[in-house]
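Okay, here's what each chain looks like letter by letter:
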Amino acid sequence: ASFETVLFEKKGRVGLVTLNRPKALNALNAQLIAELNQVLDACEADADIGAIVITGSEKAFAAGADIKEMKDKTFGDVILQDFIAPWERITRVRKPVIAAVSGFALGGGCELAMMADFIIASDTAKFGQPEIMLGVIPGAGGTQRLTRAVGKAKAMDLILTGRHMDAAEAERAGLVARVVPAADLVAEALKAAEKIASFSLPSAMLAKESVNRAFETTLAEGVRFERHAFHALFATEDQKEGMAAFAEKRPPQFKHA
Ligand code: HXC
């Protein structure tokens, strides 16, 4: 299937999704979110995809929810539609997802990036939650995920003042995993995703799920969850292959099974 507002390419075992409303700085409208969700469904269903990269343009990952589409909605509209609920699809993707962010990641754009498993930023990236300047607040998890990522002080600063933070500040604060030169962003993100996708997919999926448990439960429960997941991986062929390959000093041939 081909879409208007997102582009999709398979690069080896990686699904590369490019947000594609460049004239609107990739403002996230209902069509884009619906198309993104269809691409994510297809990636999840495709046994030959082991990791996903979501990127935007050089100027903008996404400058937020589409303000023009949103501005006339009433409380009745948004509560009855459960406006923003479809955005959560990405948080249910079980395969690893990297957000490769260049330029603006503002409002819903920053929130979408934070729903990925980690963010690789270009040195031109700018992050912010400027919703307060529009008379609202973050509505796609920003008050929660930004606070968990950077702590209360910086989350309050960003959300209450609406200011942007650059890539260096975002890396210092722990919002992004790495910063790379703008020209290398997509190549570096694809390289990381290809590496992840080369490992046993069941182990990558359980690693991701286990890290995510850290945000949902106590330390003791999280450690128990991890232990069960770790034990379960001994039922896979890939565990036998990975450890045999190490012992035999050869590269492993994972079957993702
Ligand atoms: C709709 C947008 C948009 C947005 C930019 N555009 N952001 N359209 N929704 N969020 C459009 C502009 O209207 C303009 O269209 C074109 O993209 C280029 O933008 P400019 O403003 O001309 O570019 P520039 O001067 O470089 O400024 C870039 C910018 C600015 C600083 C990123 O565009 C900006 O402040 N945008 C809004 C950022 C924001 O407030 N985001 C949060 C949205 S609220 P035309 O047709 O004029 O050329 C939100 C709520 C989240 O995300 C809650 C639930 C998800």
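Worth saying up front: this structure is predicted, and the values here are computed from it rather than measured.

Caption draft 1: The site of the ligand, seen in detail. Lining the immediate surroundings of the ligand are 24 residues, of which Lys59, Ala63, Ala65, Ile67 and Gly108 lie closest. Between the ligand and the protein, one listed contact pairs an oxygen atom with a backbone N or O atom of Lys23 at 3.4 Å. Between a nitrogen atom of the ligand and a main-chain N or O atom of Ala63, the distance comes to 2.8 Å. Out of a free accessible area of 1000 Å², the ligand has 66% covered by protein chains. Of all the secondary-structure elements, those providing two or more residues to the shell around the ligand are helix 2 (67-70), strand 6 (104-106) and helix 4 (108-115).

Caption draft 2: Layout of a nonpolar patch on the surface. Together, Ile132, Met133, Met156 and Leu160 make up a nonpolar patch on the protein surface, roughly 410 Å² of accessible area in all. With respect to the helices, strands and loops of the structure, Met156 is situated in helix 6 (residues 152-161). Overall, the relative accessible area of 42% leaves Met156 in the partly exposed class.

Caption draft 3: The arrangement of the sheet that holds strand 9 (residues 164-166) in detail. Taken in spatial order, the four strands make up an open sheet running 4-6-8-9, and their pairing is mixed. At either end of the open sheet lies a strand with only one pairing partner, and these are strand 4 (60-62) and strand 9. Along the sheet, successive strands turn relative to each other by an average axial angle of 20 degrees, direction set aside. With three bridges connecting them, strand 8 (residues 126-128) and strand 9 associate as antiparallel partners. Within the sheet, the bridge partner assigned to Lys126 lies in strand 9 and is Asp166. On top of the sheet, helix 4 reaches strand 4, strand 6 and strand 8; it is set at about 90 degrees to strand 6, its chief contact.

Parameters at a glance
- Residues numbered from 1 in each chain as written.
- Predicted model: local features only at pLDDT ≥ 70, side-chain atom pairs only at ≥ 80, totals over all residues.
- Heavy atoms only, no water.
- Near = heavy atom within 4 Å.
- Polar contact = N/O pair within 3.5 Å; in protein donor to acceptor, adjacent residues only side chain to side chain.
- Areas by Shrake-Rupley, 256 points an atom, 1.4 Å probe, with all protein chains shown as cover.
- Helix = DSSP H or I, 4+ residues; strand = E, 2+ residues; numbered from the N terminus.
- Patch = residues over 30% accessible without salt bridge, like charges linked within 9 Å, V, L, I, M, F, W, Y side chains within 5 Å.
- Salt bridge = Lys/Arg side-chain N within 4 Å of Asp/Glu carboxyl O.
- Buried < 20%, exposed > 50% of the residue type's maximum accessible area, 1.4 Å probe, protein only.
- Pairing = 2+ DSSP bridges.
- Axes fitted to C-alpha atoms, helices over the stretch in contact; angles between N-to-C directions.
- Contact = heavy atoms within 4.5 Å.

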